[in-house]
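# A closer look at the structure
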Amino acid sequence: MGQFDRTLEYIDQLQHAGTAAAVCEKLLGITSDFGLTALMAGTVPQPGTPAGQQKQHVLLCDWPVEWLERYVARNYVDHDPVVSHMKQLQAPFQWREASQGARIDKGSGEVMGDAGVFKLRDGLAFPLITLDGQIVMVSLGGEAVELSAAEFGLVSLVSTYAVGRAMQLHTMADKTIDHIVLTPRERECLQWAAVGKSEWEISQILGISEHTSEKHLLNAKSKLGAVNRVQAVAEAIRRGYIS
C-alpha cells in the first residue's frame, strides 16, 4: 500500500468516528505506532490568565491527568517553548526543534524537564486556523518518537484532519458547513500536493508554469481557510475534493 493510500485509509477511519472523543482515540491509535501517545489541542490563553480559566481553553485532551494539572497550576503555557514556536511557525514541527531553536531559560527548561517525567520527551506540534479565525494549538507527544520524513508528513496530515473533524463534531458545525467551490485546476494542484509534489513538480505534471501552480494552491488555501499546504489538503479531503 502506498503512503497516500495509507493516509486515506486512516482518514476514512477518522471520518467514521461518531464523536470527538472517538476521533481522538482513533488518531492516537494511529500515531502511537510512531511513538506519539498523547494529544492536546486548545487555544492559547492570554498571559496571566488564572489557572481556573486556563482549562476552558482546552478543546481536546488525552494527556496524563497529573501532567495537565501541573501544567495549568504552574502556568507552564507562558514558558512552554513548543507553544512559543507554534506562535511563530505555521508548519508542523517536532518538539526538539523548538527546544533547539529557543533560548532555554529556567522556565522553559522546567517545562520540558517535567514533561519528560510524564513520558513526554518529544512530539509533533502545529497551529490549526479555524474558519472563524481562531488559532488552535495542537500537540502530540510521547516518550520515544521516531518519524521518517514520509511518516512525518503522514502524521501531520492525518492529525490536522482529525483535530478539525473532532472540533466539527464537538460544535456540530458539520450541519451548517459553508459550500466552497474549487476550480478543476485548484483541485488538481491540491491532489498532487497531497502526494508530496512541490509547486515545480506540479507545474511539470500539469504543463503549466510554476507561478501558476503556486497561484492555484494559494487560491485553494484561501478558499479553504487554510494557512499551509497540510491544512489545505486535510480540509480538501474532508470536503471530498480529494479521494
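Please refer to the structure placed before this passage.
Given the structure is predicted, the values throughout are model-derived calculations rather than measurements.

### Considering the sheet that holds strand 3 (residues 93–94)
Pairing in this open sheet of 5 strands is antiparallel, and the strands run 2-1-5-4-3 from one edge to the other. Here the strands that pair on one side only, and so sit at the sheet edges, are strand 2 (58–61) and strand 3. Examined bridge by bridge, strand 4 (residues 122–129) and strand 5 (residues 135–142) share 8 bridges and lie antiparallel to one another. Counted as the bridge partner of Ile-129 is Ile-135 from strand 5.

### Some remarks on the side chain of Ser-213
Considering the arrangement of structural elements, one finds Ser-213 in helix 11 (residues 210–224). When its relative accessible area of 0% is taken as the criterion, Ser-213 is described as buried. Separated by 2.8 Å, the side chain of Ser-213 and the backbone oxygen of Glu-199 make a polar contact. Apart from the residues lying within four places of it in its own chain, the contact partners of Ser-213 are Cys-189, Glu-199, Ile-202, Ser-203 and Ile-208.

### As for the pattern of salt bridges
As enumerated under the stated definition, the model contains 8 salt bridges in all. For Arg-74, the salt bridge is made with Asp-114, and the minimal N-O distance between the two is 3.1 Å. Taken together, the positions of Arg-74 in the loop between helix 4 (65–73) and helix 5 (81–88) and Asp-114 in helix 7 (residues 106–117) put the pair 40 residues apart, joining distant regions of the chain. By relative accessible area, Arg-74 is classed as partly exposed at 42%. Looking at Asp-114, the relative accessible area reads 13%, which means it is buried. Salt bridges sharing common partners tie together Arg-70, Arg-74, Glu-110 and Asp-114.

The rules behind these values
- Residues numbered from 1 in each chain as written.
- Predicted model: local features only at pLDDT ≥ 70, side-chain atom pairs only at ≥ 80, totals over all residues.
- Heavy atoms only, no water.
- Pairing = 2+ DSSP bridges.
- Helix = DSSP H or I, 4+ residues; strand = E, 2+ residues; numbered from the N terminus.
- Buried < 20%, exposed > 50% of the residue type's maximum accessible area, 1.4 Å probe, protein only.
- Polar contact = N/O pair within 3.5 Å; in protein donor to acceptor, adjacent residues only side chain to side chain.
- Contact = heavy atoms within 4.5 Å.
- Salt bridge = Lys/Arg side-chain N within 4 Å of Asp/Glu carboxyl O.

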